[in-house]
Amino acid sequence: MTEMRKGPHRPEPKSSTKNLMPRGTALGAVEGVLAKGVPLDGALAGRPEWKRMEPRDRAFARAIASAVIRRPIALDAALMQVLDKPLPDEEIKAHLILRCGAAERLILETPAHAAVDAWVSLMAQDPNTARFKNLANAVLRRVVDQGKGAFLDSDPLEDLPDWLAERWVETYGEPVARAIAIARSVPPTLDLTAKPGFDAQGFADEIGAKVLETGTIRRPDIGAVDGLPGFEAGDWWVQDVAAALPARLLNVKPGEKVADLCAAPGGKTLQLATTGASVIAVDASPKRLKRLAENLERTKLKAEIVTADVADWTAPEPMDAILLDAPCSATGTLRRRPDAAWAKEPGDIANLADIQRRLLDASFAQLKSGGRLVYCTCSLELEEGEDQIAAFLKRTPDARLDPVTADELPGLKEALRPDGAVRTRPDMWDERGGMDGFYIARLVKA
């Protein structure tokens, strides 16, 4: 049987048997992600009812959609234990309704009277699926008792696109690939980075969290982030424990001139801004930079914001340090963005690797002699990490790798590569909730 961590229970909205809007929204979003490769945020926000929904209903819709996107094949395995025969291939919407209902019962653990009645009502509302309403009623009432075993036994690698599962098996070996798939199959934790001097331990005790070895504050359930103490005061910001490593490993000192390239939405910019350095945040997206500006305002931190393509940007003077968080396939973030697996194709990785190459060359050229650059991607693919840096060092005579030491990665020695680069994976710290997959290399200009 596949061993799985149990995700946190997601409470349903009050009177959910009458309130079908969150479930209908989730259904439409799942169809957009799995059938069309639309990002989950866009699929949800694109629904006309999204803006009218209460925050609690939005969270519930997202929880349902995320659960289905994480475990579509496992849910099908559970349904097949109850169905006499599969639905016809053309009955896509009816199939998705059953998947969503099964996700509520098996993953979110919504009581049968609420989940079953709601999804039967949604099945009955559509003339194209109405004839399956009695089937939905019977299947969803029995799926927990008869299908849970098949759900738990299902291989989490099968919940990924075939090309991605095969890649991970080839790169990491089947046991590790499966461990990564298990880690991305459950809801993520809430990770927070606090300002220096903030009472992280006291805050963690207050919100039911822990302070990890690297300093990240972690709570098992995400919940309503903006309702936590210290949000309005800007004492902390949301940032995965692995995503917080690159800025820390840049070792920025007060007074240094630092650039954060491909900076939005700004978690790493905020980290750099707390050091007392002079920080420039560069990104090509005005929309994403607006969010970065809002984060700076909330946290009362300062950085110069520049809208520009990093490949064309020229620093006002040579930089002491640069952080390049390059655009990538984001396959390391599937715990938090399960939809990303369905938004990419195998050819995208080669295209992104070419972009990374150009950005890396352009960024390194902005360093002063003796300056340092941290290159990182939130990808598990070698072309976007290990292979990218190996090729860069070959073509760049004045660059050398500056090895990260175990002291700089407390509790994460397993993430250190022999050459001193860093490779985190979602299955690391699994007993504490995992982490995003990142490749991080620190370079020095001779």
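Draft legend 1. Expanded view of the environment of Lys344. Relative to the elements of secondary structure, Lys344 occurs in the loop between β8 (319-325) and α14 (346-364). For the pair Lys344 and Ser329, spaced 15 residues apart in sequence, the C-alpha separation works out to 7.1 Å. Other than its neighbours up to four places away in sequence, Lys344 contacts Trp163, Cys328, Ser329 and Leu352.

Draft legend 2. Highlighting the packing of aromatic side chains. Evaluation of the coordinates by the stated rule reveals four aromatic pairs. Measuring from ring centre to ring centre gives 5.8 Å for Phe231 and Trp236, while their planes differ by 55°; the resulting arrangement is tilted. According to the relative accessible area criterion, Trp236 is buried, its value standing at 0%. Chaining the aromatic ring pairs together yields one cluster made of Phe198, Phe203, Phe231 and Trp236.

Draft legend 3. The pattern of salt bridges, seen in detail. Applying the stated criterion to the full structure yields 33 salt bridges. Notably, a salt bridge pairs Asp159 with Arg71, separated by 2.6 Å at the nearest N-O pair. You can see Asp159 sitting in the loop between α7 (133-153) and α8 (162-172) and its partner Arg71 sitting in the loop between α3 (55-70) and α4 (72-80), a full 88 residues away along the chain. The same class applies to Asp159 as to Arg71, namely buried.

Draft legend 4. Up close: helix α10 (residues 200-207). Those residues of α10 not exposed but buried are Ala200, Phe203, Ala204 and Ile207. An end-on view of α10 places all buried positions within 100° of arc, on one side of the element. Of the residues in α10, the exposed ones pointing more than 90 degrees away from the buried face are Asp205 and Glu206. In this structure, the buried residues of α10 make contact with β1 (190-194), β2 (210-211), β3 (217-219) and β4 (236-238). One or two residues past the end of α10 sits Gly208, with phi positive at roughly 75°.

Definitions and limits used
Residues numbered from 1 in each chain as written. Predicted model: local features only at pLDDT ≥ 70, side-chain atom pairs only at ≥ 80, totals over all residues. Heavy atoms only, no water. Helix = DSSP H or I, 4+ residues; strand = E, 2+ residues; numbered from the N terminus. Contact = heavy atoms within 4.5 Å. Phe/Tyr/Trp six-rings, centres within 6.5 Å; stacked < 30°, edge-to-face > 60°. Buried < 20%, exposed > 50% of the residue type's maximum accessible area, 1.4 Å probe, protein only. Salt bridge = Lys/Arg side-chain N within 4 Å of Asp/Glu carboxyl O. Arc of directions from axis to C-beta.

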